Amino acid sequence: MVKAIVGANWGDEGKGKITDLLAETSDVVVRFQGGANAGHTIINDYGRFALHILPSGIFYPHITNVIGNGVALDPAKLVAELKNIMAQGVPAPRLIVSERAQLLMPYHVLQDGYEEERLGGKAFGSTKSGIAPFYSDKYAKTGIQVCDLFDGDRLWERLNRAVELKNVLFEHLYHKPALDVKTLYDQLLEYRELIRPYVGDAVGFLHRALREGKTVLLEGQLGSMKDPDLGIVPMTTSSHTLAGYGCVGAPVPPTAVRDVICVTKAYSSSVGSSTEPFISELLGPEGDELRRRGGDKGEFGATTGRPRRVGWFDAVATRYGCMVQGATQAALTCLDVLGYLDEIKVCVGYEIDGEVTDMFPTTPRLMRAKPVFETLPGWKSDVRGVTDYDALPANAKGYVEFLERHIGVPITIVSTGPKRHEIALRPTFSL
Ligand code: GDP
């Protein structure tokens, strides 16, 4: 059976930690979308890691980790990350890179940077890791699959076709140097040797694993708000961040997905640019304090180091985020962070053109939304590391249960610290 761990919000909800926790009792962990443009923070007995492309099951010797066909595969980054974790004492992991995955090429990274430069002040705040050009090429059918690396003539032909188009753009739109096909071809052959030991038939492997009764975890990157269809268009990423896409990008059959665990933080954080609507944002010294206290090292992007925007919990966005994921359970992370507050606000509605709604709107309406808050009492104590839900202060439990009522999904996991076992499972939790 399949369980998906996905984000309800803007990403950085703490999915890495929850995946790491549930991986203990799983057989396979799969990345099914996105690339190395976001990171999962995992703190375990080997140390602190920010994984960008490797699945979070990589620390367990019993797990097979899969990079599915839906991922934007940057082979150089993959190999660097593998070397890095092994240098920190992690045993060589079991890893399958789907032969159907497509390659994030050096020209995707260049194009991303050129486009941001061209847009100037109107840029999307891309991480410039090539993700948007990569997925554009995939849907324009000019992408290069991992399997193409093992057929020289085909690779040469596909590369020529892609570069012909890129060079028109690079020279005439961006006024940048043209790409040289032979240099790229040689570089790809080097990548091929680096990833050769891991390349395999992920589709066959996953279907076989499910037939044998194995448990497969789908590990999402970013969150519902960043989905290119159902998120805050166009301030999204370029691959689907929803559990449903795991059926294509892993792939697993839709009928095999039993559980969708939506991860959300006890407050809001978003790494997006300042032009993005972020309704429950906390600005000024209050925001600075939450940012400084947030996560395990303050709220700064795991990949980019950018300060994240922070705010009160947004129940409107989270309810919608859980709904479009098809959440069966929710995991609430970073409850420990809020212990310093006298009062805690929760955004329970959006006021748009004089009317209050609790339904998350489309972007033009979202741009005009103002938060409607309810205020709850804080618990003014340190709950870091509490593993027994009943042992939490009454106001902390009151806060969790208030959020649960508003998002409409049972909060079965409450995380009380960044470390693996700093977690309280509620009786409603089921594996
Ligand atoms: P992901 O992309 O969803 O995996 O999230 P990130 O790893 O980017 O961000 C989550 C941050 O919160 C990381 O710094 C984690 O170490 C940290 N974190 C996760 N759960 C908790 C928690 O319960 N309490 C605290 N204080 N930090 C947490």
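Here is what the cut-offs are and how they apply
Residues numbered from 1 in each chain as written. Predicted model: local features only at pLDDT ≥ 70, side-chain atom pairs only at ≥ 80, totals over all residues. Heavy atoms only, no water. Near = heavy atom within 4 Å. Polar contact = N/O pair within 3.5 Å; in protein donor to acceptor, adjacent residues only side chain to side chain. Areas by Shrake-Rupley, 256 points an atom, 1.4 Å probe, with all protein chains shown as cover. 1 Å grid on protein atoms, 1.4 Å probe; cavity = no way out; pocket = protein on both sides within 12 Å on 5 of 7 lines; lining within 4 Å. Sits in = over half its atoms within 2 Å of the grid points. Helix = DSSP H or I, 4+ residues; strand = E, 2+ residues; numbered from the N terminus. Nonpolar A, V, L, I, M, F, W, Y, C, P; charged D, E, K, R; others polar. Points joined across faces, edges and corners; volume = space filled by probe spheres on them. Axes fitted to C-alpha atoms, helices over the stretch in contact; angles between N-to-C directions. Parallel < 35°, antiparallel > 145°, perpendicular 65-115°, else oblique. Left-handed = near helix turned anticlockwise from the far one by under 90°. Contact = heavy atoms within 4.5 Å. Salt bridge = Lys/Arg side-chain N within 4 Å of Asp/Glu carboxyl O. Buried < 20%, exposed > 50% of the residue type's maximum accessible area, 1.4 Å probe, protein only. Pairing = 2+ DSSP bridges. Core = buried A, V, L, I, M, F, W, Y, C linked by side-chain atoms within 4.5 Å. Phe/Tyr/Trp six-rings, centres within 6.5 Å; stacked < 30°, edge-to-face > 60°. Lys NZ or Arg CZ within 6 Å of the ring centre and 35° of its normal.

Draft legend 1. How the structure looks around the site of the ligand. What surrounds the ligand is a group of 20 residues, the closest being Lys15, His40, Thr41, Asp296 and Ser415. Gly14 is positioned with one of its backbone polar atoms (N or O) 2.9 Å from an oxygen atom of the ligand. Here Asp336 contributes a side-chain N or O atom positioned 2.8 Å from a nitrogen atom of the ligand. Protein contacts shield 97% of the accessible area of the ligand, which totals 590 Å² for the unbound molecule. More than half of the atoms belonging to the ligand lie within 2 Å of the grid points that define the second largest pocket. Breaking the shell around the ligand down by element, the ones donating at least two residues are helix H1 (15–23) and strand S3 (40–44). Take the shell around the ligand: its biggest share by element is 3 residues, from H1. Considered class by class, the residues forming the shell around the ligand number 3 nonpolar, 10 polar and 7 charged.

Draft legend 2. Here's a closer look at empty space enclosed by the protein. One pass over the full model with this rule turns up 3 cavities of 30 Å³ or more. As a volume, the largest cavity reaches approximately 40 Å³. Every residue lining the largest cavity is listed: Asn9, Trp10, Gly11, Asp12, Glu13, Lys265, Tyr267, Ser268 and Ser269. Looking at the lining of the largest cavity residue by residue, the classes come out as 2 nonpolar, 4 polar and 3 charged.

Draft legend 3. Spatial organisation of the packing of helix H5 (residues 152–173) against helix H6 (residues 181–195). Two elements in contact, H5 and H6, have axes separated by 10 Å at closest approach and are oriented at 135°. When the interaxial angle is binned, H5 and H6 end up oblique. Pair H5 / H6 crosses with right-handed handedness. Each of Gly152, Leu155, Trp156, Leu159, Asn160 and Val163 in H5 lies in contact with H6, whose residues at this interface are Val181, Lys182, Leu184, Tyr185, Leu188 and Leu189. Broken down by class, the residue content of the contact of H5 with H6 amounts to 9 nonpolar, 2 polar and 1 charged.

Draft legend 4. The pattern of salt bridges, seen in detail. Enumeration according to the criterion identifies 27 salt bridges in this entry. Note that Glu212 and Lys214 form a salt bridge whose closest N and O atoms lie 3.1 Å from each other. Taking relative accessible area as the criterion, Lys214 reaches 32% and is therefore assigned partly exposed. Of the charged contacts in the structure, one is a salt bridge between Lys265 and Glu299, with a shortest N-O distance of 2.9 Å. One end of the pair, Lys265, is in strand S11 (residues 257–265); the other, Glu299, is in the loop between helix H9 (284–293) and strand S13 (309–311), with 34 residues separating them in the sequence. For Lys265, a relative accessible area of 5% gives the class buried. You can call Glu299 buried: its relative accessible area is 0%.

Draft legend 5. Looking closely at the side chain of Gln325. Mapped onto the elements, Gln325 comes out in helix H10 (residues 315–325). Residue classification places Gln325 among the buried positions, given a relative accessible area of 4%. Among the polar contacts made by the side chain of Gln325, one reaches the main-chain carbonyl oxygen of Gly7 at a distance of 2.9 Å. A polar contact of 2.7 Å, which involves the side chain of Gln325, links it to the backbone nitrogen of Ala243. Those residues within four positions of Gln325 in sequence are excluded, and the remaining contacts are Val6, Gly7, Ser224, Thr241, Leu242, Ala243, Val260 and Cys262.

Draft legend 6. Region of interest: the pairing of strand S2 (residues 28–31). Across the two faces of S2 the burial is the same, with Val28 and Val30 and Val29 and Arg31 all buried. Strand direction decides the pairing type here: S2 and strand S10 (residues 216–223), joined by 4 bridges, are parallel. Pairing of Arg31 across the sheet is with Glu219, part of S10.

Draft legend 7. Up close: the side chain of Arg426. On the secondary structure map, Arg426 appears in the segment after strand S20 (423–425). The exposure class of Arg426 is buried, given its relative accessible area of 12%. At 3.1 Å, the side chain of Arg426 and the side chain of Glu404 are in polar contact.

Draft legend 8. Layout of the sheet that holds S11. Spatially, 10 strands are ordered S9-S7-S5-S2-S10-S1-S11-S15-S19-S20 in an open sheet, and the strand pairing comes out mixed. Across the chains shown, the open sheet's two edge strands, defined by having one partner strand only, are strand S9 (199–200) and S20. Sheet analysis places S11 next to strand S15 (residues 329–333), joined by 5 bridges and oriented parallel. In the sheet register, Val263 faces S15, and the bridge partner there is Ala331.

Draft legend 9. Expanded view of the nonpolar core. Of all hydrophobic cores here, the largest spans 61 residues; its most connected members are Val216, Leu218, Leu335, Leu338, Val346 and Tyr399. Tallying contributions element by element places helix H12 (residues 394–407) first for this core, with 6 residues. Of all hydrophobic cores here, the second largest spans 40 residues; its members include Leu78, Met105, Leu159 and Tyr174.

Draft legend 10. Representation of the packing of aromatic side chains in the model. This model, assessed by the stated rule, comprises 11 aromatic pairs. Measuring from ring centre to ring centre gives 5.0 Å for Trp10 and Phe278, while their planes differ by 90°; the resulting arrangement is edge-to-face. Of this pair, Trp10 sits in the loop between strand S1 (2–7) and H1 while Phe278 sits in the loop between strand S12 (268–270) and H9, placing them 268 residues apart in sequence. Exposure remark for Trp10: the relative accessible area of 4% places this residue in the buried category. Residue Phe278 is classed as buried on the basis of its relative accessible area of 7%. Aromatic side chains Phe134 and Tyr135 sit 4.8 Å apart centroid to centroid with 85° between the ring planes, which places their arrangement in the edge-to-face category. Each member of the pair, Phe134 together with Tyr135, is buried. Three or more aromatic residues joined by ring pairs form one cluster here, namely Tyr46, Phe49 and Phe59. Arg293 extends its terminal NZ or CZ atom over the ring of Tyr340, reaching a point 4.0 Å from the ring centre. The side chain of Arg426 reaches across the aromatic face of Tyr389, ending 4.3 Å from its centre.

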